[in-house]
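In case you want the letters, here they are:
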Amino acid sequence: MRVLAMESSCDESAVAVLDARKGLLSHELFSQVDLHRIYGGVVPELASRDHVRRLLPLVRSALESAGTTPAELSGVAYTAGPGLVGALLTGAALGRSLAYALGVPAIPVHHLEGHLLAPMLEARPPPLPHLALLVSGGHTMLVQVRGLGQYEILGETRDDAAGEAFDKSAKLLGLPYPGGPELARLALDGDAEAFKLPRPMLDRSGFEFSFSGLKTAVMLAARAAPLTEERRADIAASVQEAIVDTLLGKTLRALEETGLSDLVVAGGVGANRRLRERLEAEAGRRGIHLYFPRLEFCTDNAAMIAMAGLLRLQRGDVAKDLTIQARAQWPLDALQPREAE
Ligand code: KG4
Ligand code: ZN
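These numbers were taken from a predicted model, which means no experiment stands behind them.

Conventions we followed
- Residues numbered from 1 in each chain as written.
- Chains lettered and ligands numbered in written order.
- Predicted model: local features only at pLDDT ≥ 70, side-chain atom pairs only at ≥ 80, totals over all residues.
- Heavy atoms only, no water.
- Donors = N, O, S within 2.8 Å, 3.2 Å for Na, K, Ca; no water.
- Tetrahedral: all angles 85-135°; square planar, octahedral: opposite > 155°, others 65-115°.
- Helix = DSSP H or I, 4+ residues; strand = E, 2+ residues; numbered from the N terminus.
- Buried < 20%, exposed > 50% of the residue type's maximum accessible area, 1.4 Å probe, protein only.
- Polar contact = N/O pair within 3.5 Å; in protein donor to acceptor, adjacent residues only side chain to side chain.
- Pairing = 2+ DSSP bridges.
- Contact = heavy atoms within 4.5 Å.
- Near = heavy atom within 4 Å.
- Areas by Shrake-Rupley, 256 points an atom, 1.4 Å probe, with all protein chains shown as cover.
- Domains from an automatic or database assignment.
- Expected span 1.5 Å × (residues − 1).
- Core = buried A, V, L, I, M, F, W, Y, C linked by side-chain atoms within 4.5 Å.

Draft legend 1. Examining the coordination of the zinc ion (ligand 2) more closely. On the protein side, the zinc ion (ligand 2) has His 111 (NE2), His 115 (NE2) and Asp 300 (OD) as donor atoms, found 2.0 to 2.1 Å from it. Bound by four donor atoms, the zinc ion (ligand 2) shows angles of 94 to 137° at the metal and therefore irregular coordination geometry. When the donor residues of the zinc ion (ligand 2) are listed from N- to C-terminus, their spacing reads H-x3-H-x184-D. With a gap of four residues between them, His 111 and His 115 both fall in helix H4 (residues 111-117), about one helical turn apart. A residue is classified by how much of its surface remains accessible, and His 115, at 1% relative accessible area, is buried.

Draft legend 2. Seen up close, the environment of Tyr 100. Within the secondary structure layout, Tyr 100 lies in helix H3 (residues 85-102). Sequence separation of Tyr 100 and Arg 327 is 227 residues, and the distance between their C-alpha atoms is 20 Å.

Draft legend 3. Focus on the side chain of Thr 68. Relative to the helices and strands, Thr 68 resides in the loop between helix H2 (44-66) and strand S4 (75-81). Classification of Thr 68 by relative accessible area gives buried; the value is 8%. In terms of polar contacts, Thr 68 uses its side chain to reach the side chain of Arg 2, at 2.9 Å. Within the structure, the side chain of Thr 68 is placed 3.0 Å from the side chain of Glu 72, a separation counted as a polar contact.

Draft legend 4. Representation of the pairing of strand S1 (residues 2-7). For S1, the tally of buried residues reaches six of six residues, placing the bulk of the element in the interior. Residues Arg 2, Leu 4 and Met 6 line one face of S1 and the alternating positions Val 3, Ala 5 and Glu 7 line the opposite face, and both faces are buried. For S1 and strand S2 (residues 12-19), the ladder comprises six bridges, and the chain directions are antiparallel. Among the inter-strand pairings, Arg 2 is bridged to a residue of S2, identified as Asp 19. Counted along the chain from S1 to the antiparallel partner S2, the turn is four residues long. Sheet analysis places S1 next to S4, joined by four bridges and oriented parallel. Bridging across to S4, Ala 5 finds its partner in Ala 77.

Draft legend 5. Inspection of the environment of Leu 55 at higher detail. Its place among the elements puts Leu 55 in helix H2. Residues Leu 55 and Ala 165 lie 110 residues apart in sequence; the distance between their C-alpha atoms is 30 Å. Ignoring anything within four residues of it in the chain, the contact list for Leu 55 reads Met 6, Glu 7, Ser 8, Ser 13, Ala 14, Val 15, Thr 90, Gly 91 and Leu 94.

Draft legend 6. Quick peek at the site of ligand 1. Around ligand 1, the surrounding shell holds 18 residues, and the nearest of these are Gly 137, Asp 167, Gly 268, Asn 272 and Asp 300. Separating an oxygen atom of ligand 1 from a backbone N or O atom of Gly 180 is a distance of 3.2 Å. Here ligand 1 has 560 Å² of accessible area as a free molecule, and 86% of this is covered by the chains. At the level of elements, H4, helix H5 (162-172) and helix H6 (179-187) are the ones that each hand at least two residues to the shell around ligand 1. A per-element tally of the shell around ligand 1 places H5 first, with three residues. Per-domain counts for the shell around ligand 1 show at least three residues from each of domain 1 (2-117 + 300-340) and domain 2 (128-292).

Draft legend 7. Quick look at helix H7 (residues 212-223). Its twelve residues place the ends of H7 18 Å apart at the C-alpha level, agreeing with the 16 Å of an ideal helix rising 1.5 Å per residue. Each element contacted by the buried residues of H7 is listed here: H5 and helix H8 (229-258).

Draft legend 8. Representation of the nonpolar core in the model. Of all hydrophobic cores here, the largest spans 59 residues; its most connected members are Leu 4, Met 6, Val 15, Val 59, Tyr 151 and Leu 332. When residues of this core are assigned to their parent elements, the largest contribution, nine residues, is made by helix H10 (residues 303-314). Inspection of this core shows a minimum of three residues originating in each of domain 1 (2-117 + 300-340) and domain 2 (128-292). Ignoring anything within four residues of it in the chain, the contact list for Leu 332 reads His 110, Leu 112, Glu 113, Leu 116, Met 141, Val 143, Tyr 151 and Ile 153. Core analysis: the next-biggest nonpolar cluster, separate from the first, contains 46 residues, Leu 131, Leu 183, Val 218 and Ala 237 among them.

Draft legend 9. Highlighting the pairing of strand S7 (residues 140-147). Most of S7 sits out of view: seven of its eight residues are buried. Relative to S7, strand S6 (residues 130-135) is paired through six bridges, and the arrangement is antiparallel. Looking at S7, one finds that Leu 133 is bridged to Leu 142. As consecutive antiparallel partners, S6 and S7 are separated by four residues. For S7 and strand S8 (residues 150-156), the ladder comprises six bridges, and the chain directions are antiparallel. Bridging from a neighbouring strand, Val 145 pairs with Tyr 151 of S8. Once S7 ends, the chain turns through two residues before running back antiparallel as S8, passing Gly 149 with a positive phi of about 80°.

And the structure:
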């Protein structure tokens with residue numbers, strides 16, 4: 001089986017080809033970061049229009065670098081949600097149409113299932129069941145993963161996602177969009193103990209997160225005195241440490257309470273070096289096995305959509321009609337469970 005997949009839920013246009021036996025044959029990505037930077041965030045209409053320009057050329061080059069012809073494809077997967085609905089529609093319309101033209105099934109994929117399954121593209125895939133910390137620009141959740149589509153959300157954020165907390169803090173420090181990686185870079189020169197920022201919800205039981213108060217604390221710290229280069233770096237390091245402490249604390253508690261010892265970290269914030277270091281140190285101490293996607297598959301990409309699409313295709317879970325599916329909101333735990341193979 002060989003799947004062509006496309007991702008267009010936000011500001012990355014991406015296409016990949018995955019083969020069940022040979023693995024990932026190609027993956028291509030065009031990031032719209034330069035397009036949105038002057039606006040300080042993603043402009044949905046511009047994102048949609050750019051996906052329309054980029055996706056088909058990416059399909060051509062992904063097929064070419066995979067050394068495959070359209071006739072060799074067994075299915076076409078596309079991100080059907082959650083995400084920006086206009087952006088989703090571009091990939092969904094193209095994916096659904098290509099599948100129709102080729103006479104193969106279309107496979108609408110849940111973006112977060114893609115993130116969760118990204119570590120399965122690596123040489124050492126995680127065993128089932130496991131705990132997943134899913135930390136992206138739009139979501140922050142702890143999920144108990146029992147199998148394909150068997151996701152029990154133990155807790156999620158009440159307000160901002162961890163990635164959002166990074167991005168909003170970065171903006172307050174005058175860093176360009178996208179702020180997360182920029183803030184992490186600035187934090188390298190700062191003292192993480194310079195500012196005592198809150199560790200929201202860490203003192204409470206349960207697995208809910210809340211990051212919206214953090215940006216207020218960052219704003220106050222940034223305004224309290226002239227924002228020198230040193231002070232900016234100190235605030236960056238302190239806010240990064242507060243976010244990492246919170247994620248780490250809740251994750252370790254979830255591992256303890258569930259008795260699980262395998263942990264997947266997925267989503268854009270999973271690329272954060274400090275988070276990785278701290279998790280690795282704790283994992284070593286506690287006998288926890290850690291599974292990360294490679295860095296480029298932490299952030300949005302089509303390889304993870306191809307992985308989710310292939311697994312769904314193998315279980316016959318494909319679109320039943322010609323509907324172009326695009327859902328801005330789509331709860332992860334509404335997915336249909338499939339037996340693990
Ligand atoms: O998973 P993703 O690419 O898109 C969503 O589905 O949301 O995640 C993007 C988020 C952004 O908030 C970005 O700032 C954050 O991940 N991010 C990082 C780093 N790389 C990406 N945050 C902190 N440190 C990083 N190195
Ligand atoms: Zn994502």
